[in-house]
Amino acid sequence: MSQNSSHLRIRKAPLHLLTVIGARPQIIKAAAVSRAIANGFSDTITEHILHTGQHYDSNMSQVFFDELGIPRAEYNLGVGSGTHGAQTAKMIAGIEEVLLQQPFDGIILYGDTNSTLAGAVAAAKLHIPIFHIEAGLRSFNMDMPEEINRIVCDQLSTLLFAPTQTAVDNLQRIATEGRIGGQRQQIILSGDVMYDNSLHFARIAAERCDIKQRLALPREGYILATIHRDHNTDQPERLESILRALCHIAHTENIPVVLPLHPRTRGKLTPLHQSLLEVEPLVRILPPLPFLEMTLLEQNALLVMTDSGGVQKEAFFFERPCVILRPETEWVEIVQHHAGLIADADYKRILDAYGQLAHRPVHFPPLFGDGHAAENILNHIVEFLTGLSR
(Lines give C-alpha, C1' and ligand atoms only; values in the text may rest on other atoms or scores of the structure.)
Protein backbone atom coordinates (compact mmCIF):
# COMPACT_ATOMS: atom_id res chain seq x y z
CA MET A 1 0.00 0.00 0.00
CA SER A 2 1.41 3.41 -0.93
CA GLN A 3 2.03 6.06 1.71
CA ASN A 4 -0.47 8.32 -0.06
CA SER A 5 -3.28 6.00 1.02
CA SER A 6 -1.89 4.99 4.41
CA HIS A 7 -4.44 7.10 6.28
CA LEU A 8 -7.15 4.72 5.06
CA ARG A 9 -5.60 1.53 6.41
CA ILE A 10 -7.12 -0.32 9.37
CA ARG A 11 -5.36 1.00 12.43
CA LYS A 12 -4.31 -1.34 15.17
CA ALA A 13 -2.26 -0.53 18.24
CA PRO A 14 0.30 0.72 18.49
CA LEU A 15 -0.36 3.82 16.44
CA HIS A 16 2.78 5.26 14.88
CA LEU A 17 3.13 9.03 15.24
CA LEU A 18 5.94 11.19 13.89
CA THR A 19 6.81 14.14 16.14
CA VAL A 20 8.62 16.96 14.33
CA ILE A 21 10.74 19.34 16.37
CA GLY A 22 13.55 21.69 15.48
CA ALA A 23 13.71 24.66 17.85
CA ARG A 24 14.18 24.95 21.59
CA PRO A 25 10.50 25.73 22.39
CA GLN A 26 9.33 22.70 20.42
CA ILE A 27 11.74 20.41 22.19
CA ILE A 28 10.42 21.60 25.54
CA LYS A 29 6.77 21.21 24.48
CA ALA A 30 7.47 17.74 23.16
CA ALA A 31 8.69 16.74 26.62
CA ALA A 32 5.14 16.97 27.98
CA VAL A 33 3.69 14.77 25.24
CA SER A 34 6.55 12.23 25.35
CA ARG A 35 6.13 12.01 29.12
CA ALA A 36 2.38 11.43 28.77
CA ILE A 37 2.96 8.69 26.17
CA ALA A 38 5.44 6.94 28.46
CA ASN A 39 3.16 7.21 31.50
CA GLY A 40 -0.20 6.29 29.99
CA PHE A 41 -0.16 5.55 26.27
CA SER A 42 2.85 3.30 25.70
CA ASP A 43 0.65 0.36 24.66
CA THR A 44 -1.32 2.53 22.25
CA ILE A 45 1.20 4.92 20.69
CA THR A 46 4.72 4.52 19.37
CA GLU A 47 6.34 7.92 19.00
CA HIS A 48 9.06 8.54 16.42
CA ILE A 49 10.93 11.83 16.85
CA LEU A 50 12.37 13.78 13.92
CA HIS A 51 14.71 16.68 14.68
CA THR A 52 15.10 19.03 11.72
CA GLY A 53 18.25 20.61 13.12
CA GLN A 54 16.79 24.12 12.94
CA HIS A 55 18.54 24.79 16.26
CA TYR A 56 21.86 23.04 15.99
CA ASP A 57 23.87 24.58 18.84
CA SER A 58 24.13 22.00 21.64
CA ASN A 59 23.17 24.61 24.24
CA MET A 60 19.95 25.22 22.35
CA SER A 61 19.00 21.65 21.52
CA GLN A 62 20.64 18.41 22.68
CA VAL A 63 20.95 19.59 26.27
CA PHE A 64 17.17 19.74 26.42
CA PHE A 65 16.80 16.14 25.29
CA ASP A 66 19.16 15.08 28.05
CA GLU A 67 17.75 17.33 30.75
CA LEU A 68 14.05 16.79 30.07
CA GLY A 69 14.20 13.06 29.45
CA ILE A 70 12.96 13.23 25.86
CA PRO A 71 13.69 10.11 23.78
CA ARG A 72 16.55 10.54 21.37
CA ALA A 73 15.57 11.68 17.91
CA GLU A 74 15.22 8.72 15.57
CA TYR A 75 15.76 11.01 12.59
CA ASN A 76 17.95 14.11 12.43
CA LEU A 77 17.94 16.17 9.24
CA GLY A 78 20.80 18.45 10.31
CA VAL A 79 19.40 21.33 8.27
CA GLY A 80 21.04 24.14 10.22
CA SER A 81 20.67 27.82 9.42
CA GLY A 82 19.83 29.51 6.14
CA THR A 83 17.26 31.77 4.56
CA HIS A 84 13.65 30.95 5.37
CA GLY A 85 13.02 29.52 1.91
CA ALA A 86 16.17 27.44 1.69
CA GLN A 87 15.84 26.12 5.24
CA THR A 88 12.15 25.24 4.85
CA ALA A 89 12.71 23.57 1.47
CA LYS A 90 15.39 21.28 2.91
CA MET A 91 13.09 20.39 5.80
CA ILE A 92 10.15 19.57 3.52
CA ALA A 93 12.31 17.25 1.44
CA GLY A 94 13.78 15.53 4.50
CA ILE A 95 10.46 15.11 6.30
CA GLU A 96 8.81 13.76 3.15
CA GLU A 97 11.56 11.18 2.79
CA VAL A 98 10.98 9.97 6.35
CA LEU A 99 7.19 9.89 5.93
CA LEU A 100 7.62 7.65 2.88
CA GLN A 101 9.72 5.12 4.80
CA GLN A 102 6.83 3.62 6.79
CA PRO A 103 3.05 4.11 7.15
CA PHE A 104 2.78 6.75 9.85
CA ASP A 105 -0.69 7.24 11.28
CA GLY A 106 -0.20 10.95 11.90
CA ILE A 107 2.27 13.75 12.46
CA ILE A 108 2.50 15.96 15.56
CA LEU A 109 3.60 19.55 15.00
CA TYR A 110 4.25 22.28 17.57
CA GLY A 111 3.92 26.02 17.42
CA ASP A 112 4.98 28.19 14.52
CA THR A 113 8.57 27.64 13.36
CA ASN A 114 9.88 26.74 9.91
CA SER A 115 9.95 23.13 11.13
CA THR A 116 6.21 23.39 11.80
CA LEU A 117 5.53 24.76 8.32
CA ALA A 118 7.69 22.13 6.64
CA GLY A 119 6.03 19.27 8.50
CA ALA A 120 2.57 20.53 7.59
CA VAL A 121 3.35 20.86 3.89
CA ALA A 122 5.07 17.48 3.65
CA ALA A 123 2.33 15.61 5.53
CA ALA A 124 -0.55 17.35 3.73
CA LYS A 125 0.85 16.40 0.32
CA LEU A 126 0.92 12.77 1.46
CA HIS A 127 -2.58 12.93 3.02
CA ILE A 128 -1.29 12.12 6.49
CA PRO A 129 -3.33 13.49 9.43
CA ILE A 130 -1.74 16.55 10.98
CA PHE A 131 -2.12 17.26 14.71
CA HIS A 132 -1.15 20.86 15.49
CA ILE A 133 -0.39 21.58 19.12
CA GLU A 134 -0.59 25.27 20.05
CA ALA A 135 -2.95 26.03 17.16
CA GLY A 136 -4.94 29.20 16.72
CA LEU A 137 -2.43 31.77 17.94
CA ARG A 138 -2.50 35.07 16.10
CA SER A 139 -0.44 38.24 16.44
CA PHE A 140 -2.13 39.68 13.32
CA ASN A 141 1.28 40.85 12.13
CA MET A 142 2.11 39.28 8.77
CA ASP A 143 5.65 40.69 8.95
CA MET A 144 6.39 37.92 11.47
CA PRO A 145 7.54 34.66 9.81
CA GLU A 146 5.89 32.84 12.70
CA GLU A 147 2.49 34.29 11.79
CA ILE A 148 2.75 32.90 8.27
CA ASN A 149 3.86 29.52 9.57
CA ARG A 150 1.02 29.19 12.07
CA ILE A 151 -1.65 30.27 9.57
CA VAL A 152 -0.54 27.74 6.94
CA CYS A 153 -0.22 24.93 9.48
CA ASP A 154 -3.67 25.64 10.91
CA GLN A 155 -5.20 25.54 7.43
CA LEU A 156 -3.65 22.15 6.70
CA SER A 157 -4.19 20.47 10.07
CA THR A 158 -6.69 17.77 10.93
CA LEU A 159 -6.92 18.23 14.70
CA LEU A 160 -6.28 21.73 16.00
CA PHE A 161 -5.29 21.79 19.67
CA ALA A 162 -5.93 25.31 20.94
CA PRO A 163 -4.36 26.22 24.30
CA THR A 164 -6.87 28.96 25.21
CA GLN A 165 -10.40 30.08 24.39
CA THR A 166 -8.99 33.00 22.41
CA ALA A 167 -7.16 30.53 20.17
CA VAL A 168 -10.40 28.57 19.72
CA ASP A 169 -12.19 31.74 18.67
CA ASN A 170 -9.48 32.52 16.12
CA LEU A 171 -9.73 29.02 14.63
CA GLN A 172 -13.50 29.04 14.39
CA ARG A 173 -13.24 32.00 12.03
CA ILE A 174 -11.00 30.11 9.56
CA ALA A 175 -12.05 26.42 9.89
CA THR A 176 -12.11 24.65 6.52
CA GLU A 177 -14.15 21.79 5.08
CA GLY A 178 -12.99 18.52 3.54
CA ARG A 179 -10.42 17.15 5.93
CA ILE A 180 -9.44 13.50 6.32
CA GLY A 181 -12.28 11.17 5.34
CA GLY A 182 -14.42 14.18 4.46
CA GLN A 183 -14.57 15.27 8.10
CA ARG A 184 -14.29 18.88 9.16
CA GLN A 185 -11.24 20.06 10.98
CA GLN A 186 -11.70 19.47 14.67
CA ILE A 187 -10.93 22.35 17.03
CA ILE A 188 -10.20 21.23 20.58
CA LEU A 189 -9.66 23.42 23.64
CA SER A 190 -6.81 21.32 25.02
CA GLY A 191 -5.04 23.53 27.51
CA ASP A 192 -1.35 24.33 27.17
CA VAL A 193 1.36 21.66 27.30
CA MET A 194 3.78 24.27 28.55
CA TYR A 195 1.65 24.70 31.63
CA ASP A 196 1.94 20.93 32.12
CA ASN A 197 5.70 21.30 31.94
CA SER A 198 5.83 24.27 34.29
CA LEU A 199 3.96 22.35 36.98
CA HIS A 200 6.09 19.24 36.47
CA PHE A 201 9.52 20.88 36.32
CA ALA A 202 9.13 23.71 38.84
CA ARG A 203 9.73 21.41 41.80
CA ILE A 204 12.58 19.59 40.03
CA ALA A 205 14.28 22.88 39.21
CA ALA A 206 14.04 24.05 42.82
CA GLU A 207 15.67 20.81 44.00
CA ARG A 208 18.45 20.55 41.42
CA CYS A 209 19.52 24.05 40.42
CA ASP A 210 21.80 26.44 42.27
CA ILE A 211 22.01 29.18 39.64
CA LYS A 212 20.67 31.83 42.02
CA GLN A 213 23.51 31.08 44.41
CA ARG A 214 26.10 30.96 41.60
CA LEU A 215 25.00 34.35 40.34
CA ALA A 216 24.70 35.71 43.90
CA LEU A 217 21.26 37.10 43.11
CA PRO A 218 19.67 39.11 45.92
CA ARG A 219 16.60 37.88 47.75
CA GLU A 220 14.79 41.12 47.09
CA GLY A 221 14.62 40.34 43.40
CA TYR A 222 16.05 40.65 39.90
CA ILE A 223 14.80 41.12 36.35
CA LEU A 224 15.01 38.24 33.87
CA ALA A 225 15.28 39.39 30.24
CA THR A 226 15.47 37.61 26.89
CA ILE A 227 15.85 39.04 23.38
CA HIS A 228 15.88 36.90 20.24
CA ARG A 229 13.26 38.01 17.67
CA ASP A 230 14.86 39.03 14.37
CA HIS A 231 12.73 42.19 14.42
CA ASN A 232 14.78 43.25 17.45
CA THR A 233 18.15 41.65 16.78
CA ASP A 234 18.45 42.61 13.10
CA GLN A 235 17.70 46.31 13.64
CA PRO A 236 20.59 47.81 15.62
CA GLU A 237 18.58 50.83 16.78
CA ARG A 238 15.86 48.62 18.30
CA LEU A 239 18.39 46.44 20.08
CA GLU A 240 20.17 49.56 21.34
CA SER A 241 16.92 50.98 22.73
CA ILE A 242 16.14 47.76 24.62
CA LEU A 243 19.65 47.47 26.03
CA ARG A 244 19.68 51.13 27.08
CA ALA A 245 16.40 50.61 28.94
CA LEU A 246 17.69 47.48 30.70
CA CYS A 247 20.88 49.27 31.75
CA HIS A 248 18.95 52.33 32.95
CA ILE A 249 16.59 50.26 35.09
CA ALA A 250 19.44 48.21 36.53
CA HIS A 251 21.37 51.37 37.47
CA THR A 252 18.54 53.54 38.81
CA GLU A 253 16.68 50.75 40.62
CA ASN A 254 19.88 49.02 41.78
CA ILE A 255 18.49 45.70 40.59
CA PRO A 256 20.33 42.96 38.67
CA VAL A 257 19.18 42.17 35.15
CA VAL A 258 19.88 38.57 34.13
CA LEU A 259 20.19 38.41 30.34
CA PRO A 260 20.82 34.97 28.79
CA LEU A 261 21.82 35.84 25.24
CA HIS A 262 20.42 33.86 22.34
CA PRO A 263 23.15 33.07 19.74
CA ARG A 264 21.28 35.26 17.22
CA THR A 265 21.43 38.21 19.61
CA ARG A 266 25.06 37.72 20.60
CA GLY A 267 26.05 37.65 16.95
CA LYS A 268 24.25 40.94 16.29
CA LEU A 269 25.88 42.97 19.07
CA THR A 270 27.71 46.01 17.70
CA PRO A 271 30.58 47.78 19.47
CA LEU A 272 28.01 50.31 20.71
CA HIS A 273 25.82 47.57 22.17
CA GLN A 274 28.82 45.96 23.85
CA SER A 275 29.97 49.26 25.32
CA LEU A 276 26.54 49.82 26.87
CA LEU A 277 26.66 46.43 28.55
CA GLU A 278 30.26 46.75 29.71
CA VAL A 279 29.60 49.91 31.75
CA GLU A 280 26.65 48.47 33.68
CA PRO A 281 27.83 45.59 35.89
CA LEU A 282 24.31 44.86 37.16
CA VAL A 283 23.38 43.53 33.71
CA ARG A 284 24.59 39.92 33.81
CA ILE A 285 25.21 38.47 30.33
CA LEU A 286 24.87 34.67 30.24
CA PRO A 287 24.91 31.99 27.53
CA PRO A 288 21.62 30.22 26.74
CA LEU A 289 20.52 28.42 29.90
CA PRO A 290 19.37 24.85 30.41
CA PHE A 291 15.60 24.59 30.76
CA LEU A 292 15.62 23.84 34.48
CA GLU A 293 17.83 26.84 35.30
CA MET A 294 15.65 29.08 33.17
CA THR A 295 12.58 27.71 34.94
CA LEU A 296 14.06 28.51 38.34
CA LEU A 297 14.97 32.05 37.31
CA GLU A 298 11.45 32.61 35.95
CA GLN A 299 9.90 31.39 39.19
CA ASN A 300 11.89 33.80 41.33
CA ALA A 301 12.21 36.92 39.20
CA LEU A 302 10.62 40.17 40.31
CA LEU A 303 9.66 40.78 36.70
CA VAL A 304 10.33 39.37 33.22
CA MET A 305 11.15 41.33 30.06
CA THR A 306 11.04 39.38 26.81
CA ASP A 307 10.17 39.21 23.12
CA SER A 308 9.57 35.46 23.43
CA GLY A 309 6.02 34.17 23.35
CA GLY A 310 6.99 31.13 25.40
CA VAL A 311 8.72 33.14 28.11
CA GLN A 312 5.68 35.46 28.32
CA LYS A 313 3.54 32.44 29.15
CA GLU A 314 6.00 30.93 31.58
CA ALA A 315 6.15 34.24 33.44
CA PHE A 316 2.36 34.11 33.68
CA PHE A 317 2.41 30.48 34.88
CA PHE A 318 4.75 31.50 37.72
CA GLU A 319 2.71 34.65 38.44
CA ARG A 320 5.41 37.07 37.36
CA PRO A 321 4.50 40.27 35.48
CA CYS A 322 5.97 40.68 32.02
CA VAL A 323 7.14 43.61 29.87
CA ILE A 324 6.65 42.50 26.25
CA LEU A 325 9.42 43.76 23.95
CA ARG A 326 7.32 43.52 20.80
CA PRO A 327 4.65 45.69 19.13
CA GLU A 328 2.06 42.94 19.66
CA THR A 329 1.65 39.49 21.17
CA GLU A 330 -0.18 36.31 20.21
CA TRP A 331 -0.84 35.75 23.93
CA VAL A 332 -3.38 38.55 24.12
CA GLU A 333 -4.91 37.11 27.31
CA ILE A 334 -1.82 38.13 29.27
CA VAL A 335 -2.28 41.76 28.24
CA GLN A 336 -6.06 41.68 28.63
CA HIS A 337 -5.64 40.62 32.26
CA HIS A 338 -2.98 43.30 32.86
CA ALA A 339 -0.32 40.73 33.72
CA GLY A 340 1.79 42.00 30.84
CA LEU A 341 2.32 45.32 29.10
CA ILE A 342 3.41 45.80 25.50
CA ALA A 343 6.38 48.15 25.34
CA ASP A 344 7.89 47.21 21.96
CA ALA A 345 11.51 48.36 21.68
CA ASP A 346 10.60 51.87 22.86
CA TYR A 347 12.95 53.12 25.58
CA LYS A 348 10.36 55.25 27.39
CA ARG A 349 7.59 52.64 27.13
CA ILE A 350 9.88 49.99 28.60
CA LEU A 351 10.69 52.23 31.57
CA ASP A 352 7.02 53.10 32.06
CA ALA A 353 5.92 49.46 31.82
CA TYR A 354 8.51 48.44 34.40
CA GLY A 355 7.34 51.19 36.73
CA GLN A 356 3.72 50.07 36.46
CA LEU A 357 4.26 46.32 36.80
CA ALA A 358 6.92 46.38 39.51
CA HIS A 359 4.86 48.50 41.87
CA ARG A 360 1.27 47.28 41.76
CA PRO A 361 -0.56 43.98 42.41
CA VAL A 362 -1.05 41.75 39.36
CA HIS A 363 -3.76 39.08 38.95
CA PHE A 364 -3.09 35.75 37.21
CA PRO A 365 -6.36 33.88 36.47
CA PRO A 366 -6.28 30.21 35.32
CA LEU A 367 -6.27 30.63 31.53
CA PHE A 368 -4.16 27.74 30.29
CA GLY A 369 -5.88 24.55 31.41
CA ASP A 370 -5.50 22.19 34.32
CA GLY A 371 -2.00 20.85 33.78
CA HIS A 372 -3.16 17.76 31.84
CA ALA A 373 -3.15 19.12 28.30
CA ALA A 374 -0.85 16.40 26.95
CA GLU A 375 -3.13 13.57 28.15
CA ASN A 376 -6.13 15.40 26.73
CA ILE A 377 -4.40 15.79 23.35
CA LEU A 378 -3.38 12.14 23.16
CA ASN A 379 -6.87 10.94 24.05
CA HIS A 380 -8.28 12.96 21.16
CA ILE A 381 -5.62 11.69 18.73
CA VAL A 382 -6.28 8.06 19.66
CA GLU A 383 -10.03 8.55 19.43
CA PHE A 384 -9.73 10.18 16.02
CA LEU A 385 -7.36 7.62 14.51
CA THR A 386 -9.19 4.56 15.82
CA GLY A 387 -12.44 6.10 14.61
CA LEU A 388 -11.15 6.16 11.03
CA SER A 389 -11.13 2.36 10.93
CA ARG A 390 -14.78 1.97 11.93
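Below is a summary of the structure that appears in this document. (Residues numbered from 1 in each chain as written. Predicted model: local features only at pLDDT ≥ 70, side-chain atom pairs only at ≥ 80, totals over all residues. Heavy atoms only, no water.)

Another aspect to go through is the overall build of the protein chain. Scanning the protein chain from terminus to terminus reveals 17 helices and 13 strands. Taking 2.2 N^0.38 as the reference for a compact globule, 390 residues should give roughly 21 Å; the C-alpha atoms of the protein chain span a radius of gyration of 21 Å, in line with that estimate. Relative to its full complement of 390 residues, the protein chain shows a buried share of 57%. In the protein chain, the proportion of contacts linking residues at least 24 apart, taken out of those at least 6 apart, comes to 74%. Mean positive and mean negative side-chain charge positions of the protein chain (33 and 43 charges, respectively) differ by 1 Å. (Helix = DSSP H or I, 4+ residues; strand = E, 2+ residues; numbered from the N terminus. Rg over C-alpha atoms; globule rule 2.2 N^0.38 Å. Buried < 20%, exposed > 50% of the residue type's maximum accessible area, 1.4 Å probe, protein only. Contact = heavy atoms within 4.5 Å. Lys, Arg positive; Asp, Glu negative; His and termini not counted. Charge placed at Lys NZ, Arg CZ, Asp CG, Glu CD.)

Glancing now at the packing of aromatic side chains. A complete count under the given rule lists 7 aromatic pairs for this structure. Both rings, one in F201 and one in F291, keep their centres 5.4 Å apart while their planes meet at 85°; by these two values the pair is edge-to-face. You can see F201 sitting in helix 7 (residues 193-208) and its partner F291 sitting in helix 13 (residues 291-300), a full 90 residues away along the chain. You'll find F201 and F291 in the same group, each marked buried. Of the aromatic side chains, those joined through ring pairs into one cluster are Y195, F316, F317, W331, F364 and F368. (Phe/Tyr/Trp six-rings, centres within 6.5 Å; stacked < 30°, edge-to-face > 60°.)

Once that is clear, we can look at the sheet that holds strand 5 (residues 130-133). Working definition: the strands of a sheet are paired by backbone hydrogen bonds and lie parallel or antiparallel to each other. With respect to topology, 7 strands assemble into an open sheet ordered 3-2-1-4-5-6-7, the strand pairing being parallel. Since the sheet does not close on itself, it has two edges, and those belong to strand 3 (75-76) and strand 7 (186-189), each with one partner. Of the pairings in the sheet, the one linking strand 4 (residues 106-110) to strand 5 comprises 4 bridges and is parallel in character. Residue Y110 lies in a different strand from strand 5, and its bridge partner there is I133. Lying on the sheet, helix 4 (residues 114-125) is in contact with strand 1 (15-21), strand 4 and strand 5; it crosses strand 4 at an angle near 160°. On top of the sheet, helix 17 (residues 373-388) reaches strand 1, strand 2 (45-51), strand 4, strand 5, strand 6 (159-162) and strand 7; it is set at about 165° to strand 6, its chief contact. (Pairing = 2+ DSSP bridges. Axes fitted to C-alpha atoms, helices over the stretch in contact; angles between N-to-C directions.)

Glancing now at the sheet that holds strand 12 (residues 322-324). On the basis of which strands lie adjacent, the open sheet formed by 6 strands has the order 10-9-8-11-12-13 and parallel pairing. With partners counted over all chains shown, the strands left at the sheet margins are strand 10 (283-286) and strand 13 (340-342), one partner each. Averaged over all pairs of adjacent strands, the angle between their axes in this sheet comes to 20°, without regard to strand direction. As judged from the 2 bridges shared by strand 8 (residues 223-226) and strand 9 (residues 257-260), these two strands associate in the parallel manner. By the bridge assignment for strand 9, I223 is matched with V257.

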